[in-house]
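Structural characterization, general
Residue strings, one per chain:
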Amino acid sequence: MAKSDQPIARVDQPFAGFSDMMTQSFEQARKAMEKYADLFEKSIKGSPLLDADLNKKLKDHSEKNIAAANEFIRKLSEARDVQSFWQIQTDFMQAQWKTFSEQMKDLGETVTKSVTGAFKNIAA
């Protein structure tokens, strides 16, 4: 390839060359996450050990996490420079830790309520 035929990277978007590759990889990851979520949903629906409220919350949390990951991927693919790339990464991780904490608290309360109810039924 002659020097003049080589693609020129745009200075304002140094990640532009990776954008197509990242988008394709992220799309494959998104599809895999959706398949996993479907499988997860089917398995929790079939579990006699989990009550309906817990199943619903697990499904809702999974859907929210997948949506957040997809949004992160979209934003990351639009990063214009290294600083914006790391800012997107940092913001996502902070939001995910907060969300994870809230979800664990919510699930813990639901499990406690479910177990307490089960023991009340056994005692009665």
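Predicted model, so just to flag it, every value in this text is computed and none were measured. (Residues numbered from 1 in each chain as written. Predicted model: local features only at pLDDT ≥ 70, side-chain atom pairs only at ≥ 80, totals over all residues. Heavy atoms only, no water.)

Regarding the overall build of the chain
Where we set the bar: Strands are runs of DSSP state E lasting at least two residues, helices are runs of H or I lasting at least four, and both sets are numbered from the N terminus onward. Burial classes follow relative accessibility: with a 1.4 Å probe on protein chains only, a residue under 20% of its type's maximum area counts as buried, one over 50% as exposed, and anything between as partly exposed. A contact between two residues is defined here by any heavy atoms of the two lying within 4.5 Å. Each accessible area is a Shrake-Rupley estimate made with a 1.4 Å probe; only the visible protein chains count as cover when residues are assessed.
When helices and strands are tallied, the chain shows 3 helices and 0 strands. Each of the 124 residues in the chain was classed as buried or not, and the buried ones make up 16%. In the chain, once contacts between residues fewer than 6 apart in sequence are set aside, the share between residues at least 24 apart is 66%. Accessible surface, the chain: about 9,600 Å² in total, of which carbon and sulfur atoms supply 60%.

A look at the confidence of the model for the chain
Put simply, the rule is: The predictor attaches a confidence to each residue, and that confidence, scored 0 to 100, is pLDDT.
Per-residue pLDDT for the chain has a mean of 77; in total, 72% of the residues score no lower than 70. When the elements of the chain are averaged for pLDDT, helix α1 (residues 16–45) gives the smallest value, 71, and helix α3 (residues 82–123) the largest, 87.

Description of the pattern of salt bridges
Pairing between side chains becomes possible if they bear opposite charge and their charged atoms approach one another. Our working rule: Salt bridges are defined by distance alone: a side-chain nitrogen of Lys or Arg within 4 Å of a carboxyl oxygen of Asp or Glu.
For the structure on display, the rule yields 5 salt bridges. A salt bridge links D106 to K57; the shortest N-O distance between them is 2.9 Å. Residue D106 is located in helix α3, and its partner K57 is located in helix α2 (residues 52–77); the two are separated by 49 residues in the primary sequence. The closest approach of N and O atoms between R74 and E71, which form a salt bridge, is 2.4 Å. Of this pair, R74 and E71 both sit in helix α2, separated by 3 residues, roughly a single helical turn. Judged by its relative accessible area of 36%, R74 is partly exposed. We classify E71 as partly exposed; its relative accessible area is 33%. When salt bridges that share partners are traced, they join E71, R74 and E78 into one network.

Overview of the nonpolar core
Put simply, the rule reads: Only buried residues count toward a nonpolar core, which is a set of Ala, Val, Leu, Ile, Met, Phe, Trp, Tyr and Cys residues joined through side-chain atoms within 4.5 Å.
Core analysis: the biggest nonpolar cluster contains 6 residues, these being F72, I73, L76, A79, I88 and F92. Of all the secondary-structure elements, those providing two or more residues to this core are α2 and α3. Looking at this core element by element, the count peaks at 3 residues for α2. Each residue touching I88, except ones within four places of it in the same chain, is listed here: F72, K75, L76 and A79.

A word on the side chain of Q103
The line we're drawing: Polar contact is defined as a pair of N or O atoms within 3.5 Å, subject to the rule that within protein one atom must be able to donate a hydrogen and the other to accept it, and that residues adjacent in sequence are counted only when both atoms are side-chain atoms.
Structurally, Q103 can be placed in helix α3. Taking relative accessible area as the criterion, Q103 reaches 7% and is therefore assigned buried. Looking at Q103, its side chain comes within polar contact range of the side chain of N65, at 3.0 Å. With sequence-adjacent residues up to four places away left out, Q103 is seen in contact with H61 and N65.

Some thoughts on a nonpolar patch on the surface
What counts here: Patch definition: residues above 30% relative accessible area lacking any salt bridge, with like charges linked at up to 9 Å and the nonpolar side chains Val, Leu, Ile, Met, Phe, Trp and Tyr linked at up to 5 Å.
A contiguous nonpolar surface patch, about 440 Å² in accessible area, is contributed by M93, W97, F100 and M104. Topologically, F100 is positioned in helix α3.

Here we look at α2
We count it as follows: What a helix is expected to span follows from its residue count: subtract one and scale by 1.5 Å.
Over its 26 residues, α2 extends 38 Å from the first C-alpha to the last, a length consistent with the 38 Å expected when each residue adds 1.5 Å. Residues of α2 that are buried: L54, N55, L58, H61, I66, A69, F72, I73 and L76.

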